[in-house]
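# Chain and residue survey
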Amino acid sequence: MAYDKFNVLTSTVVPLPAENVDTDQIIPARFLKATEREGFGDNLFRDWRYDVEGNPKKDFVLNDSTYNGKILLAGKNFGSGSSREHAVWALYDYGFRCVVSSFFADIFKNNCLNIGVLPVTISPEFAEVLFEAVESDPKTEIEVDIDKQTITLLSSGQSESFDINAYKKQNMKNGFDDIDYLLNIKSDITEFAKSR
Amino acid sequence: MEKKTLFDKIWDAHVVKSVPAGPDVFFIDKHFIHEVTSPVAFLNLEKRGVSVLYPERTVATPDHNVPTVDQDKTIKDKLSRMQVEKLRENCKKYDIELHDLGTDHHGIVHVIGPELGITQPGMTIVCGDSHTSTHGAFGAIAFGIGTSEVEMVLATQCIMQSKPKKMRITVDGELGQGVTSKDIILYIISKITAAGATGYFVEYAGSAFRNLSMEARMTVCNMSIEMGARGGLIAPDQTTFDYLKGKRYAPKGEAWDRAVAEWTALQTDEGAVFEKEYNFDAADIEPMITYGTNPGMGIKIKDLIPTDEGLEGSNKKSFLKSLDYMGFAPGEAIKGKVVDYVFVGSCTNGRIEDIRAVANFVKGKKKADNITAWIVPGSREVEKLASEEGLVQILEEAGFQLRQPGCSACLAMNDDKIPSGKYAVSTSNRNFEGRQGPGARTLLASPLTVAAVAVTGKITDPREV
Ligand code: SF4
């Protein structure tokens, strides 16, 4: 599925400092029953966001109108556990285009890149700086530039560079996914398959 | 010659081509699909107007959301039913082998793959489920993928992957009495942490693994993902070959001899380099249990829950939040805590050996009054064997409720949910908040420990019953 092209994203930030946030928290299994990709954003962080009666929990950040934006600033080891891509669909559907953390789980990171949510890994120190900045001023903006591979705290100009491999970077910039590439080299694949 | 690890050998043999400064185009031998992570992949294929390239390389079963009672009737839950029906439709349309509800080989995808002999050494195997790592027990590269990748495999039998780093975990020595492969892996994860192997693919080596049965090896590889690893594998040996011989899809006759010769060569070369190595002594491992909300939070049953001493900032906050969710206090004993539910099942410990272990333990005993005991076989095959061996009767006499195969309370997508605030000691693989139902409190342990808890009604070291 093609997705929006990613170039420079400037946005306010939603902070979620909890560590080891697994994909069961991002979207609980009982909400995985759809056969289409739309609408998962409603159940993003469902059990943290709503109580059992379905009332919003006031202390959860997504229910706090002070914070909003297209960037989720997350604690370390974000996205561990289940490989459900629904977790990323839920983030995307909710409106996030970028997740920033000092550490991502592998499958989650892959899934993000496959559907157009940019995972940005920063140092733990810079993560602290960003959390503090956002908490002291919720209007704080961050700029993520995929071409330069930089993430910048606009209020202070503090910046860090991040890694992304050249191939994935091109994909993100163009809104392509891997399947386009694979379909183009199908004859190589069928040739290879003869030996397997 | 270049020294290669087992992982390198299999990986390198499956690279169709490498993208400069990018990932490898990685060929997949076998692909398993289930009802939850495949429908959108098929839908997207249709939108693109692309078909399934090699339908014979994909095998399907509905397992995640299916009810574990009345499987012969129509599924009551509308959304679950739609997913299962979609799977049937798609399998029919694209000519994909389906092991449907009620058929002889229905079951959890990671249980039926090995049972049917589909899983074999040297293969690359993927599925839209993180516990695909289970199949690594056969000396295969097996790992979980997202739905976009499911679509890629259906369309092209390939995915784009960067080669992970390699880690070797060696455990030598003899396991003590009452110590199982589940305890080994819970012990390892407690040492390495829930994120400690992120970015790595693990090879398990050493005599402790060599001495395990295939079922027990699967339990270990299954939980590789719980320390962040993409997967884990064990070099094939006689135990592997003995398990596979005669299985439905295993090679036969001369082809078998050739296969065994090839598989025997699937070993890490001496002197091959791993980016990271860990060594443990089997004698240090004892029955384990988790006390928190990630699988790295495990202790020996005899030990005290750790305190927050030495933790700071967000580490400390996360630790205390986790204990708060579980209703435990730092520094208290876990042994003796009263429990409400036990669950035996899942792709971690829902195989026949696990059911045997529980049945042997509870034979002639009764479950405690405060316990609701669920036992869910991993497959129809397991169910059948359990019944033939008289285990079903033993378990029922002990007060266990035997259900039909599926993922069940491992992820609580169906009705098998642990009520909010209740404690469940479970043979599954994840103790995340709400994993077994909103508000449910999960403690992970071996089938033997679960059996002991069922009988005493509280957290118990199985060696003391
Ligand atoms: S039993 Fe649990 S872990 Fe295994 S495949 Fe099913 S849901 Fe996933």
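Quick caveat, the model's predicted, so the values are computed rather than measured.

## Some thoughts on the overall build of chain A
Along chain A, the regular secondary structure elements total eight helices and seven strands. Relative to the globule expectation of 16 Å for 196 residues, the C-alpha radius of gyration of chain A, 18 Å, shows essentially globular dimensions. Along the first, second and third principal axes, the C-alpha atoms of chain A reach 60 × 45 × 25 Å. Classification of the 196 residues of chain A by burial places 58% in the buried group. Long-range contacts, defined here as pairs at least 24 residues apart, represent 65% of the contacts in chain A between residues at least 6 apart. Accessible area of chain A: about 7,900 Å², with a carbon and sulfur share of 46%. Charge-centre separation for chain A: the mean point of 21 positive side chains lies 5 Å from the mean point of 31 negative side chains.

## Let's talk about the nonpolar core
Formed by 111 residues in total, the largest nonpolar core has its most connected members in A:Phe45, A:Phe78 and B:Phe400. Here this core takes seven residues from helix α16 (residues 447-456) of chain B, the largest share from any one element. Among the domains, domain 1 (6-264) and domain 2 (290-464) of chain B are the pair contributing at least three residues each to this core. With 88 residues, the next largest nonpolar core counts B:Leu6, B:Ala60, B:Val153 and B:Tyr200 among its residues.

## A few points about helix α5 (residues 147-156) of chain B
The buried count for α5(B) comes to ten of ten residues, which makes it a mostly enclosed element. Looking at the residues trailing α5(B), positive phi occurs at B:Gln157, about 60 degrees.

## As for the interface of chain A and chain B
Of the residues lining the interface, 52 residues belong to chain A; the matching set on chain B comes to 71 residues. Roughly 5,000 Å² is buried in total at the junction of chain A and chain B, and carbon and sulfur atoms are behind 60% of that figure. Per-residue buried area on chain A facing chain B is highest for A:Lys33, A:Thr35 and A:Arg196; these three make up 15% of the total on that side. At the boundary of chain A with chain B, the tally comes to six salt bridges. Among the elements of the structure, α1 (23-26), α2 (46-49), α3 (86-94), α4 (106-115), α6 (166-174), α7 (178-184) and α8 (186-193) of chain A are those that each provide at least two residues to the side of chain A that touches chain B. Per-class residue counts for the side of chain A that touches chain B are 21 nonpolar, 13 polar and 18 charged.

## Looking at the side chain of B:Glu226
Residue and element names in this part refer to chain B. With respect to the helices, strands and loops of the structure, glutamate 226 is situated in the loop between α8 (214-222) and β11 (231-233). There is a polar contact of 2.7 Å between the side chain of glutamate 226 and the side chain of histidine 131. When neighbours within four sequence positions are excluded, glutamate 226 is seen to be in contact with His131, Ile189, Ala194, Pro295, Asn429, Arg430 and Phe432.

## Regarding the site of the ligand
All names here are of chain B. Around the ligand sit His64, Ile108, His110, Asp129, His131, Ser346, Cys347, Cys407, Cys410, Leu411, Asn429 and Arg435, and that is every residue in its neighbourhood. Of the residues that constitute the shell around the ligand, the class distribution is five nonpolar, five polar and two charged. Shared between two domains, the shell around the ligand takes at least three residues from each, and those domains are domain 1 (6-264) and domain 2 (290-464).

## Overview of the UniProt feature "binding site: [4Fe-4S] cluster" (unreviewed entry) in chain B
All names here are of chain B. Per the UniProt record, "binding site: [4Fe-4S] cluster" (unreviewed entry) is found at Cys347, Cys407 and Cys410. A compact arrangement is adopted by the annotated residues: their sequence extent is 64 residues, whereas the largest C-alpha distance between any two is 8.8 Å. With respect to the element layout, cysteine 347 can be found in helix α12 (residues 346-349). A relative accessible area of 8% places cysteine 347 in the buried class. Those residues within four positions of cysteine 347 in sequence are excluded, and the remaining contacts are Ile108, His110, Val111, His131, Thr134, Asn222 and Asn429. With respect to the secondary-structure elements, cysteine 407 resides in the loop between β17 (401-402) and β18 (423-426).

## Regarding the packing of α4(A) against α5(B)
Two packed helices can be described by the angle between their axes and the distance between those axes. At a minimum axis separation of 8 Å, α4(A) and α5(B) run at an interaxial angle of 70 degrees. As summarised for this structure, α4(A) and α5(B) are arranged roughly perpendicular, according to the angle between their axes. Contacts from A:Asn110, A:Asn111, A:Asn114 and A:Ile115 of α4(A) reach α5(B) at B:Ser148, B:Glu149 and B:Met152. In the contact of α4(A) with α5(B), the residues fall into two nonpolar, four polar and one charged.

## Looking at the environment of A:Asp178
Tracing the sequence through the fold places A:Asp178 in helix α7. Residue class for A:Asp178 comes out buried when judged on its relative accessible area of 1%. Separated by eleven residues in the primary sequence, A:Asp178 and A:Tyr167 place their C-alpha atoms 9.6 Å from one another. Here A:Asp178 is in contact with A:Asn114, A:Tyr167, A:Lys168, A:Asn171, B:Met152 and B:Met160, once residues within four sequence places are set aside. Within the structure, A:Asp178 has its side chain in polar contact with the side chain of A:Tyr167 (distance 2.7 Å).

## Some words on the sheet that holds β11(B)
Residues and elements named next belong to chain B. With parallel pairing, four strands are arranged side by side in an open sheet as β11-β10-β9-β12. One side of each edge strand has no neighbouring strand; the edge strands of this open sheet are β11 and β12 (276-281). Going from strand to strand, the sheet's axes swing by 20 degrees on average, the running direction of each strand aside.

## A closer look at the sheet that holds strand β19 (residues 441-444) of chain B
Residue and element names in this part refer to chain B. Sheet architecture is open: five strands sit in the order β17-β16-β15-β18-β19, paired in parallel fashion. Only two strands of the sheet have a single neighbouring strand rather than two, namely β17 and β19. Bridge count for strand β16 (residues 372-375) against β17 is two bridges, and the pairing is parallel. Residue pairing in the sheet places tryptophan 374 in a bridge with glutamine 401 of β17. Its contacts with the sheet put helix α11 (residues 313-326) on β18 and β19, and the angle it makes with β19 is roughly 105 degrees.

Parameters at a glance
Residues numbered from 1 in each chain as written. Chains lettered and ligands numbered in written order. Predicted model: local features only at pLDDT ≥ 70, side-chain atom pairs only at ≥ 80, totals over all residues. Heavy atoms only, no water. Helix = DSSP H or I, 4+ residues; strand = E, 2+ residues; numbered from the N terminus. Rg over C-alpha atoms; globule rule 2.2 N^0.38 Å. Buried < 20%, exposed > 50% of the residue type's maximum accessible area, 1.4 Å probe, protein only. Contact = heavy atoms within 4.5 Å. Areas by Shrake-Rupley, 256 points an atom, 1.4 Å probe, with all protein chains shown as cover. Lys, Arg positive; Asp, Glu negative; His and termini not counted. Charge placed at Lys NZ, Arg CZ, Asp CG, Glu CD. Core = buried A, V, L, I, M, F, W, Y, C linked by side-chain atoms within 4.5 Å. Domains from an automatic or database assignment. Buried area = accessible area lost by both parts, 1.4 Å probe. Salt bridge = Lys/Arg side-chain N within 4 Å of Asp/Glu carboxyl O. Nonpolar A, V, L, I, M, F, W, Y, C, P; charged D, E, K, R; others polar. Polar contact = N/O pair within 3.5 Å; in protein donor to acceptor, adjacent residues only side chain to side chain. Near = heavy atom within 4 Å. UniProt positions renumbered as here; feature names shortened; annotations may be inferred. Axes fitted to C-alpha atoms, helices over the stretch in contact; angles between N-to-C directions. Parallel < 35°, antiparallel > 145°, perpendicular 65-115°, else oblique. Pairing = 2+ DSSP bridges.

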